[in-house]
Amino acid sequence: MNKTWWKILGSVLVIYTAIAGLLLGVPRLPILNETIRNLYFHVPMWFAMIVLFSISVFYSVKSLSSKSEIDDIKAVESVNAGIVFGLLGLVTGAIWAKYTWGQFWSFDPKQNFAAISVLLYFAYLILRNAIDEEQKRAKISAIYNIFAFPMMVVLLFVLPRLKDSLHPGNGGNPGFNSYDLDSRMRMVFYPACLGWILIGYWVYTIRFRIRNIENKQQHN
């Protein structure tokens with residue numbers, strides 16, 4: 001039970017989010033209307049992705065000093081899990097954009113920079129697959145990951161603020177501030193973020209165990 005409580009919690013929170021997110025009331029904001037409910041699904045995907053990429057860069061830094069294959073595996077598998085949530089963030093965002101802006105992809109600055117952020121980590125995986133020698137692969141990909149993470153932060157949180165955007169809070173589109181995100185939405189949004197982060201971490205641990213078993217079988 002001590003090892004599974006957070007998995008149960010994550011599952012319960014995600015189920016609660018799905019039900020409450022569709023049934024509980026939401027503020028009637030111009031442009032957004034009922035599509036505001038996608039906040040419970042779109043934004044938590046990005047939070048989960050960022051947490052997983054944070055885990056990845058931690059183990060990349062650690063692997064440079066420890067030269068441990070386990071640390072390298074943890075780094076790459078957290079990236080693999082993080083990319084899944086990054087893609088889900090892009091898909092849910094595109095669907096939201098279709099119903100609020102009229103098209104799936106409008107080349108909005110935040111959309112573009114978010115896509116580039118995910119591509120940065122696809123490049124990380126391509127780089128790894130291009131290097132055969134294990135120690136060299138682990139070292140070079142770890143260094144790349146250490147530089148990719150701050151670039152991802154800049155792309156997601158800094159550069160979009162320098163340009164006009166259709167995203168909430170810009171261009172006349174209401175933002176999710178203390179006024180817009182009322183108590184009803186907070187009751188769903190915060191549990192949704194925690195729930196999806198826990199599910200993302202769960203996916204990462206499963207992928208790590210599978211990869212670790214495969215590596216042990218190859219070495220035997």
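Residues numbered from 1 in each chain as written. Predicted model: local features only at pLDDT ≥ 70, side-chain atom pairs only at ≥ 80, totals over all residues. Heavy atoms only, no water.

- Named according to an unreviewed UniProt entry, the protein chain is Heme exporter protein C originating from Pedobacter kyonggii.
- Note on the protein chain: under the UniProt heading Subcellular location (unreviewed entry), the record states "Membrane". (UniProt positions renumbered as here; feature names shortened; annotations may be inferred.)

### Structural notes on the overall build of the protein chain
Thinking step 1. Broken down by element type, the protein chain carries six helices and zero strands.
Thinking step 2. Helices and strands in the protein chain line up, N terminus first, as α-α-α-α-α-α.
Thinking step 3. Within the protein chain, the proportion of its 220 residues that are buried is 48%.
Thinking step 4. For the protein chain, the accessible area works out to roughly 11800 Å², and carbon and sulfur atoms hold 67% of it. (Helix = DSSP H or I, 4+ residues; strand = E, 2+ residues; numbered from the N terminus. Buried < 20%, exposed > 50% of the residue type's maximum accessible area, 1.4 Å probe, protein only. Areas by Shrake-Rupley, 256 points an atom, 1.4 Å probe, with all protein chains shown as cover.)

### Let's talk about the UniProt feature "transmembrane region" (unreviewed entry) in the protein chain
Thinking step 1. UniProt's entry tags residues 7-27, 39-61, 82-101, 113-131, 143-162 and 188-206 with the feature "transmembrane region" (unreviewed entry), counted in the numbering of this structure.
Thinking step 2. Taken as a whole, residues 113-131 contains 89% helix and 0% strand, while its terminal C-alpha atoms sit 28 Å from one another.

### Details of the packing of aromatic side chains
Thinking step 1. Taken as a whole, this structure holds seven aromatic pairs when the rule is applied.
Thinking step 2. One aromatic cluster is present, built from ring pairs that chain together W6, Y201 and Y204.
Thinking step 3. Across from the ring centre of F208, 5.4 Å away, lies the NZ or CZ of K74, which sits over that ring. (Phe/Tyr/Trp six-rings, centres within 6.5 Å; stacked < 30°, edge-to-face > 60°. Lys NZ or Arg CZ within 6 Å of the ring centre and 35° of its normal.)

### Digging into helix α2 (residues 39-66)
Each α-helix turn comprises 3.6 residues. Residues three or four places apart therefore point the same way.
Thinking step 1. Helix length check: α2 (28 residues) gives 40 Å between terminal C-alpha atoms against 40 Å at 1.5 Å per residue, within 8%.
Thinking step 2. Note on α2: the residue one or two positions beyond its end, K67, has a positive phi of about 55°. (Expected span 1.5 Å × (residues − 1).)

### As for the packing of helix α3 (residues 69-100) against helix α4 (residues 109-129)
Thinking step 1. Here α3 crosses α4 at 150°, and the two axes come no closer than 10 Å. The angle between α3 and α4 places the two elements in the roughly antiparallel class. Handedness of the crossing formed by α3 with α4: left-handed. Between α3, through D72, A75, V76, V79, N80, I83, G86, L87, L90 and A97, and α4, the contact on the second element is made entirely by Q111, A114, A115, V118, Y121, F122, Y124, L125 and R128.
Thinking step 2. Residue composition of the contact of α3 with α4, by class: 14 nonpolar, three polar and two charged. (Axes fitted to C-alpha atoms, helices over the stretch in contact; angles between N-to-C directions. Parallel < 35°, antiparallel > 145°, perpendicular 65-115°, else oblique. Left-handed = near helix turned anticlockwise from the far one by under 90°. Contact = heavy atoms within 4.5 Å. Nonpolar A, V, L, I, M, F, W, Y, C, P; charged D, E, K, R; others polar.)

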